[in-house]
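Next come the chains, spelled out residue by residue.
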Amino acid sequence: MTSELADVWRYFADVSLGSYAPLYDRVTRATAEDPELLKLVASADENARMPNNLHAAAQFLLADLPDHPLAAIYRGESDADPAEPFRNLVLTHRDQILELMATRKVQTNEVRRASAIVPSLTLVAQRHNTPVALIDAGSSAGLNLLVDHLHIDYGSASVGPPDSPVQVDAELIGPAPALDGLSIGWRRGFDRSPIDVSDPDQARWLRALVWPDHRDRLVRLSAAIDLFNHHRPELVTAEALDGLSAALRDAPTDMMPVVVTSWVVFYFPPELRAAFNDAIVNANRPVAWLSMEMAGVVEDIDAGDPPDLNTEASLVALVTADGAGSATREALGWTHGHGSWLDWRVGS
């Protein structure tokens, strides 16, 4: 068991971390070589054994332990190796760590993904000449329901209110997508266990999910939480198919529903993934599904190769159902899992 876990943790470090998150990379690789830490991880529920869950539990505890050596490293006040302080924290607070791993879920809500969501929604709005009804499936805290309230700077182009409290930057590879014409007329998020960011404890967990290397992400998240609490878009508790069915039923008929998933459907078992796709294709109205997940989640797409940036890429895929049982499937481009770059590959 622990040797298999070690391989999983090493693989995660290889494909997702490295120079993008060196602190997180160092702790993850050290854990993969530590039998006692691996034994602790193995004692958790099978769905809670990924690095994100243990690291978030540790950061959640650190909020109450500002003098712990690991806290200083994570705040950028020390360049010491984080591996031993991390080990000390986890093993010293073993019971609290395991309780958090058992009761909390990895539900990262990265608003920088708006760098891919906004041009994709704009493309749909332009093609159908209609406002968009935004449906965020597996929405976590629902922060990406407000993508049109953010300012996104691509360097050569920008979109959104310049004075937005949430400022997003993303590297644009190649020409800029069309960014004019998006109107979101209705919005709803659903999740089987949504995070209520008006609850300080739940907001603290959401912050704990941010990787310690990325203090800029933490600043952006705090601003997005404030923005959400100001606007309070609709966020409901629902399982995947029930939430999808209700949202497609309730979305205004004079708008184009766009279902957005970002690293959600990938975690569905095969039968649920197929049922989710069928519910969109066989809806009794035109529907678009914007998927930002690994290649293969949306089937029958010739995606081409992602850019060679030595980092994990998410495929930006669009399924457009005509309301009569047929659908087109296309690759719009590639993006980093946290939205730090966008490789846009389709015209309007």
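Scroll up to find the structure.
Residues numbered from 1 in each chain as written. Predicted model: local features only at pLDDT ≥ 70, side-chain atom pairs only at ≥ 80, totals over all residues. Heavy atoms only, no water.

Draft legend 1. Layout of the packing of aromatic side chains. If you walk through the whole model with that rule in mind, you get nine aromatic pairs. Plain terms: the ring middles of F266 and Y267 are 5.0 Å apart, the flat faces sit at 80 degrees to each other, and that makes the pair edge-to-face. The interplanar angle of 70 degrees and the centroid separation of 5.5 Å between the aromatic rings of F276 and W289 together place this pair among those described as edge-to-face. With a gap of 13 residues between them, F276 in helix α12 (residues 270-281) and W289 in strand β9 (residues 287-293) connect regions that are remote in the sequence. On the basis of relative accessibility, which here comes to 1%, the residue F276 falls in the buried class. Here W289 falls in the buried class, since its relative accessible area comes to 1%. What links up through ring pairs into an aromatic cluster is the set F12, Y20, Y24 and W211. (Phe/Tyr/Trp six-rings, centres within 6.5 Å; stacked < 30°, edge-to-face > 60°. Helix = DSSP H or I, 4+ residues; strand = E, 2+ residues; numbered from the N terminus. Buried < 20%, exposed > 50% of the residue type's maximum accessible area, 1.4 Å probe, protein only.)

Draft legend 2. Broad picture of helix α1 (residues 2-16). Compared with the 21 Å implied by 1.5 Å per residue over 15 residues, the 21 Å span of α1 between its first and last C-alpha is a close match. All of the buried residues in α1 are L5, A6, W9, F12, A13 and S16. All buried residues of α1 project into a common sector of 130 degrees when viewed along the axis, lining one side. In α1, the exposed positions that point more than 90 degrees away from the buried face belong to S3, E4, Y11 and D14. Considering only its buried residues, α1 is in contact with α2 (22-32), α3 (35-42) and α4 (51-62). (Expected span 1.5 Å × (residues − 1). Arc of directions from axis to C-beta. Contact = heavy atoms within 4.5 Å.)

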